[in-house]
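Coordinate analysis (summary)
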Amino acid sequence: MRQIGHFIDGAAVAGKSGRTAEVYNPATGEVQAEVALASSEELDHAVQVAKKVQPMWAATNPQRRARVMMKFVDLLHRDMEKLAEALSSEHGKTIPDAKGDVIRGLEVAEFCISAPHMLKGEFTDGAGPGIDMYSMRQPIGVCAGITPFNFPAMIPMWKMCPALVCGNAFILKPSERDPSVPMMLAELMQEAGLPEGLLQVVNGDKEAVDAILDHLDIGAIGFVGSTPIAQYIYGRGCSNGKRVQCFGGAKNHMIIMPDADLDQAVDALIGAGYGAAGERCMAVSAAVPVGKATADALIERLIPRVESLKIGPYTAGDDVDFGPVVTKAAQQRINGLVDSGVEQGATLAVDGRNFSMQGYENGFFVGASLFDNVMPEMDIYKEEIFGPVLSVVRMNSYDDAIDLTMNNPYGNGTAIFTRDGDTARDFSSRINVGMVGVNVPIPVPLAYHTFGGWKLSAFGDLNQHGPDAFKFYTRTKTVTSRWPSGTKEGASFSIPIME
Ligand code: NAD
């Protein structure tokens, strides 16, 4: 059995804890590797190595640090096929989607090439008599990232690239479900010229996470995953005095107004609802048509499209719309939620529960389901299903649709489909959700903007990537200096005022 250890001090090393987790090929249901689960001692060793080399890296000028990112981007392009293959085999997503996962991460590495500009700081010449004042952004020291299974390339890169380019050392604790790509990323970063010991991949579960949360030498933690774990990590990390940002789960609503281009809306719902088997934090899981006529027309068009979705293993090539879900447990949970929707009175317009893939009967496949007449009190509405299940929640008016979205506890992404500029503008302005699409179903901001939700979808005050990432991974120091230093004014007992 292939063993996946950790990446520490510039090399792949075996785990020492004696604990491992199984890594599956979701398409076949077979165990393809075992990943080591680090002990708190192994985590501490990784931190100590990182702590030793970090000051040298912080003293390396930002342009040189940015050059590592340039080279890293080249290497990602060189190894794109290899990365996508490894990613799909552990996650289950199609190869084009796996490449998208790498590319959205790579774009953040590209943005990080702007570090010399982003880290320039501020200067006031002559803030007082003979006094200059300047602010600089300095690295935090050792930072850590804890990442989910659903984007095993993109999200580790969203964390490690800004942290490293700002002059920090970085400990990555990826999902134990698909650890191979994060290990490959660490090797590529090293090949790109990152000095050994600055990027450590420590595989593990709760034990490694808790060791990160309690470690005195880790100054900042970035987390992405489900909301209950985000809340736990935010609470424990903050109470230990760390800077913490946590991005959690989602329930993304897409409102379809009576004046929307219905063909465009249906295309959008099919891609955003079922792409990656619904395992995206920006997946649309609630379609909210306004008015009976819109809802009836939408359902009529959606049914044949959902029924004809092509499901299969990533090895089947580009002809597959989505692959299996990540684990057997996820498959059972999703099917159980579909059962609950039927029991609680929703109309199951397309039933994906008994889907079976010929030749892949043990794979974790789930067919596409479509619900109509979903009510806000039903579990299929309240839960983040994280599977290929779309719920149509009919609303009578725009105001009801916007209230539904606003009252939902999650606030990651949302979209409105309309031809009316007034409505789109009102929606964008009033909605209490962090990322908004107007006739765009998955409004994931590009690398030079920031990514983050509101309400239970995010904890902490700074977003991921974009300018916020440079703020999160640095702290500000402001220097007030007077030259010549010989000026004598005598002691003053009042607060200094620059006049
Ligand atoms: P998860 O919360 O189960 O796991 C995320 C990370 O936390 C993993 O590294 C895991 O090892 C660790 N973890 C799990 N249980 C833990 C525990 N009890 N104590 C400490 N650490 C623990 O999430 P997942 O299933 O890997 O990913 C799917 C979730 O991530 C979905 O809810 C999705 O919406 C969310 N997500 C959010 C965003 C965003 O930006 N808001 C992006 C991607 C995914």
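By convention here, each chain's residues receive numbers from 1 onward along its written sequence. This being a predicted model, a pLDDT of at least 70 is required before a residue's local features are given, and a value of 80 or more before pairs of side-chain atoms are given or counted; all residues contribute to the totals for chains, interfaces and linings. Computation of side-chain values: all heavy atoms of the structure, hydrogens and water removed.

Our next topic: the packing of helix α10 (residues 262-274) against helix α11 (residues 292-307). The description of two packed helices rests on the angle between their axes and on the distance between the axes. The interhelical angle for the contact between α10 and α11, taken along N-to-C directions, is 50°, at an axis separation of 10 Å. As summarised for this structure, α10 and α11 are arranged oblique, according to the angle between their axes. α10 and α11 meet at a crossing whose hand is right-handed. Between α10 and α11, the contacting residues are Leu262, Asp263, Val266, Asp267, Leu269, Ile270 and Tyr274 on the first element and Thr294, Ala297, Leu298, Arg301, Leu302, Arg305 and Val306 on the second. An axis is simply a line fitted to the C-alpha atoms; with a helix, the fit covers only the stretch in contact. Between two such axes, the angle follows the N-to-C directions and lies from 0 to 180 degrees. Numbering goes from the N terminus for both helices and strands, where a helix is a DSSP run of H or I of at least four residues and a strand is a run of E of at least two. With respect to orientation, any angle under 35 degrees is reported as roughly parallel, any angle over 145 as roughly antiparallel, any angle of 65 to 115 as roughly perpendicular, and every other angle as oblique. A clockwise turn of the near helix away from the far one marks a right-handed crossing, whereas an anticlockwise turn of less than a right angle marks a left-handed crossing. Should any heavy atoms of two residues lie within 4.5 Å, those residues are considered in contact.

Each aromatic ring pair is characterised by the separation of its centres together with the angle its planes make. Pairing of aromatic side chains requires ring centres within 6.5 Å, counting the rings of Phe and Tyr and the six-membered ring of Trp. Pairs whose planes differ by under 30 degrees are stacked, by over 60 edge-to-face, and all others tilted. Per the stated rule, a full pass over the model turns up 10 aromatic pairs. Centroid distance Tyr234 to Phe459: 6.1 Å. Interplanar angle 35°. Geometry classified as tilted. Within this pair, whereas Tyr234 is found in helix α9 (residues 227-239), its partner Phe459 is found in strand β22 (residues 458-459), the two being separated by 225 residues in sequence. For the exposure calls, accessible area comes from a 1.4 Å probe over protein chains only, and a residue counts as buried if that area is under 20% of its type's maximum, exposed if over 50%, partly exposed in between. For Tyr234, a relative accessible area of 28% translates into the label partly exposed. For Phe459, a relative accessible area of 14% gives the class buried. Ring-pair connections join several aromatic residues into one group, and the members of that group are Phe170, Phe472 and Tyr473.

Of the positions making up helix α14 (residues 398-407), those classed as buried are Tyr398, Ala401, Ile402, Leu404 and Thr405. Mapping the buried residues of α14 onto a view down its axis gives an arc of 155°, with all of them on the same face. Packed against the buried residues of α14 are β13 (252-256), β14 (284-289), α13 (379-382), β19 (413-417), α15 (421-430) and β21 (454-455). To be clear, the arc concerns the directions from the helix axis to the C-beta atoms.

Quick look at the side chain of Asp178 now. Here Asp178 lies in the loop between β9 (169-173) and α7 (180-191). No salt bridge is formed by the buried Asp178; its nearest oppositely charged neighbour, Lys93, is found at 7.2 Å. Beyond its immediate sequence surroundings of up to four residues, Asp178 is in contact with Glu90, His91, Phe149 and Pro152. Asp and Glu count as negative and Lys and Arg as positive, but His and the ends of the chain are not part of the count. In what follows, salt bridge is the name for a side-chain nitrogen of Lys or Arg lying within 4 Å of a carboxyl oxygen of Asp or Glu.

Backbone hydrogen bonds are what pair the strands of a sheet, in a parallel or an antiparallel way. Spatial ordering of the open sheet is given by β1-β5-β4, a layout of 3 strands whose pairing is mixed. Both edges of this open sheet fall to β1 (2-4) and β4 (20-25), since each of them pairs with a single strand only. For this sheet, the mean inter-axis angle between neighbouring strands, taken without regard to orientation, is 35°. The pairing criterion is simple: DSSP has to find at least two bridges between the two strands. Two strands pair when backbone bridges link them, and β4 and strand β5 (residues 30-36) are joined in this way by 6 bridges, in the antiparallel orientation. Counterpart to Asn25 in the pairing with β5 is Glu30. Across the sheet, helix α3 (residues 80-91) is in contact with β1, β4 and β5; its angle to β4 comes to roughly 105°.

This paragraph deals with the site of the ligand. Neighbouring residues are identified by heavy atoms, a residue being near a molecule or strand if any of them is within 4 Å of it. Among the 27 residues in the neighbourhood of the ligand, the closest are listed as Thr147, Lys173, Glu176, Ser226 and Glu384. Pairs of N or O atoms within 3.5 Å make up the polar contacts considered here, provided that, within protein, one atom can donate a hydrogen while the other can accept it, and that residues adjacent in sequence are counted only when both atoms are side-chain atoms. One nitrogen or oxygen atom from the side chain of Lys173 is found 2.7 Å from an oxygen atom belonging to the ligand. Between the ligand and the protein, one listed contact pairs an oxygen atom with a backbone N or O atom of Gly225 at 3.2 Å. The Shrake-Rupley method, run with a 1.4 Å probe sphere, supplies the accessible areas, and residue values consider only the shown protein chains as cover. In isolation the ligand exposes 840 Å². Once the protein is present, 87% of that is buried. Elements with a minimum of two residues in the shell around the ligand: α8 (206-214) and β11 (218-224). When the residues that make up the shell around the ligand are grouped by side-chain class, the tally is 14 nonpolar, 9 polar and 4 charged. For this classification, the nonpolar set comprises Ala, Val, Leu, Ile, Met, Phe, Trp, Tyr, Cys and Pro, the charged set comprises Asp, Glu, Lys and Arg, and every other residue, Gly included, is treated as polar.

Let's shift gears to the pattern of salt bridges. Under the definition given, this model contains 26 salt bridges. The partner of Asp210 in a salt bridge is Lys206, with the nearest N and O atoms 3.1 Å apart. You can see Asp210 and its partner Lys206 sitting in helix α8, 4 residues apart, about one turn around the helix. Asp214 is the salt-bridge partner of Arg236, the closest N and O atoms lying 2.5 Å from each other.

Another point: the domain arrangement of the chain. Partitioning the chain into domains gives domain 1 (2-248 + 457-479) and domain 2 (252-438). Computed from C-alpha atoms alone, the centre-to-centre distance between domain 1 and domain 2 is 31 Å. Note: buried area is the sum, over both parts, of the accessible area (probe 1.4 Å) each one loses when the two are combined. Carbon and sulfur atoms supply 63% of the area that domain 1 and domain 2 bury against each other, a total of about 1,900 Å² over both sides. If you sort the residues of domain 1 by the area they bury against domain 2, Ala27, Thr94 and Ser457 come out on top, with a joint share of 26%. Taken together, domain 1 and domain 2 are joined by 1 salt bridge. The closest approach of N and O atoms between Arg280 and Asp97, which form a salt bridge, is 3.0 Å. Counting across the domain 1 and domain 2 interface gives 6 residue pairs in polar contact (both at pLDDT 80 or more). Mapped by element, the contributors of at least two residues to the side of domain 1 that touches domain 2 are α3 and α4 (95-112). Examining the composition of the side of domain 1 that touches domain 2, we find that 5 residues originate from one element, α3, more than from any other. Residue ranges for the domains originate in an automatic or database domain assignment.

Strand order in the open sheet made by the 3 strands is β6-β7-β23, with antiparallel pairing throughout. Here the strands that pair on one side only, and so sit at the sheet edges, are β6 (122-128) and β23 (474-482). Taking each pair of neighbouring strands and ignoring which way they run, the sheet shows an average axis angle of 25°.

In summary, soluble globular proteins display a tendency toward joint burial of nonpolar side chains. What makes a nonpolar core is a set of buried Ala, Val, Leu, Ile, Met, Phe, Trp, Tyr and Cys residues whose side-chain atoms join them at distances within 4.5 Å. Core analysis: the biggest nonpolar cluster contains 95 residues, and Phe72, Met160, Leu164 and Met189 have the highest contact counts within it. A per-element tally of this core places helix α6 (residues 154-165) first, with 9 residues. Each of domain 1 (2-248 + 457-479) and domain 2 (252-438) contributes no fewer than three residues to this core. Contacts of Leu164, omitting those with residues within four sequence positions, involve Trp57, Arg65, Met69, Ala169, Phe170, Met189, Leu194, Leu198 and Leu199. Formed by 64 residues, the second largest nonpolar core is a distinct cluster that contains Ala265, Tyr274, Leu337 and Val433.

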